[in-house]
Amino acid sequence: MDRLFFRPMTAGDKDEVRALHEKWFPLRYADAFYDGAAKGEYAGKPVINCIATDVAGKTAGIIIISFMSANGCGENDLIVDKERYPRVAYIMTIGVCDAFRRRKVGSRLLRWGIERAASDTSCGALFLHVITWNKAAMRFYARNEFRYVRSYPRYQTSPTPHNPLA
């Protein structure tokens, strides 16, 4: 397993983070997404993030998580006791650079996110959305003890070169 260092994203990382997201994901995020990730707030919600780097400082992977109201997350059945757990954490994005794939970087970033969500005593769940045609991602989350809850027909079907459903 590689030796990794974990640090927060800064405004100086914005261009690299954007380039990596454009490579990894079929969606294009607005500048406000990257600005918010670096500042720790996006769309009025707190955001945490982590960039994993190797010993030379080269980016290995990134995770960005938003915290939101359990009542307003759109996933009403995630938490039974919303008075005890009024917040949920949502993995907005997680990605690993090609040179670091199959080396547990994604699992370590995911573990980082799980630990941060678990340390928030008002947070009752950590969830994410995955495009179902991304079978490697579906297997990755299953290996990391996430459970499949439901599918949304034609979720994230914007026409991009990366999206075969559009």
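Preceding block: the structure.
The rules we used
- Residues numbered from 1 in each chain as written.
- Predicted model: local features only at pLDDT ≥ 70, side-chain atom pairs only at ≥ 80, totals over all residues.
- Heavy atoms only, no water.
- Helix = DSSP H or I, 4+ residues; strand = E, 2+ residues; numbered from the N terminus.
- Buried < 20%, exposed > 50% of the residue type's maximum accessible area, 1.4 Å probe, protein only.
- Contact = heavy atoms within 4.5 Å.
- Patch = residues over 30% accessible without salt bridge, like charges linked within 9 Å, V, L, I, M, F, W, Y side chains within 5 Å.
- Areas by Shrake-Rupley, 256 points an atom, 1.4 Å probe, with all protein chains shown as cover.
- Salt bridge = Lys/Arg side-chain N within 4 Å of Asp/Glu carboxyl O.
- Lys, Arg positive; Asp, Glu negative; His and termini not counted.
- Charge placed at Lys NZ, Arg CZ, Asp CG, Glu CD.
- Core = buried A, V, L, I, M, F, W, Y, C linked by side-chain atoms within 4.5 Å.

1. Observations regarding the environment of A37
Moving on, step 1. Among the secondary structure elements, A37 is positioned in helix α2 (residues 31-39).
Moving on, step 2. You can call A37 buried: its relative accessible area is 1%.
Moving on, step 3. Along the chain, A37 and T121 lie 84 residues apart, while their C-alpha atoms are 22 Å from each other.
Moving on, step 4. Residues in contact with A37, not counting those within four places in the same chain, are M9, V47, N49 and I64.

2. Brief notes about a positive patch on the surface
Moving on, step 1. Judged by side-chain charge, R102, K104, K135, R139 and R143 come together as a positively charged surface patch.
Moving on, step 2. Residue position: R102 is located in the loop between β5 (87-96) and α3 (105-119).
Moving on, step 3. The exposed category is assigned to R102, whose relative accessible area is 80%.

3. A short note on the nonpolar core
Moving on, step 1. One finds I63, I65, V88, I91, V105 and Y141 to be the most contacted residues of the largest nonpolar core, which totals 46 residues.
Moving on, step 2. Put simply, the parts of the chain that give this core at least two residues each are α1 (14-24), α2, β3 (45-53), β4 (59-69), β5, α3, β6 (123-127) and α4 (135-143).
Moving on, step 3. With sequence-adjacent residues up to four places away left out, V88 is seen in contact with S66, F67, M68, S69, A70, C73, I79, C123, A125 and F127.

Any functional reading would require information that these geometric values do not contain.
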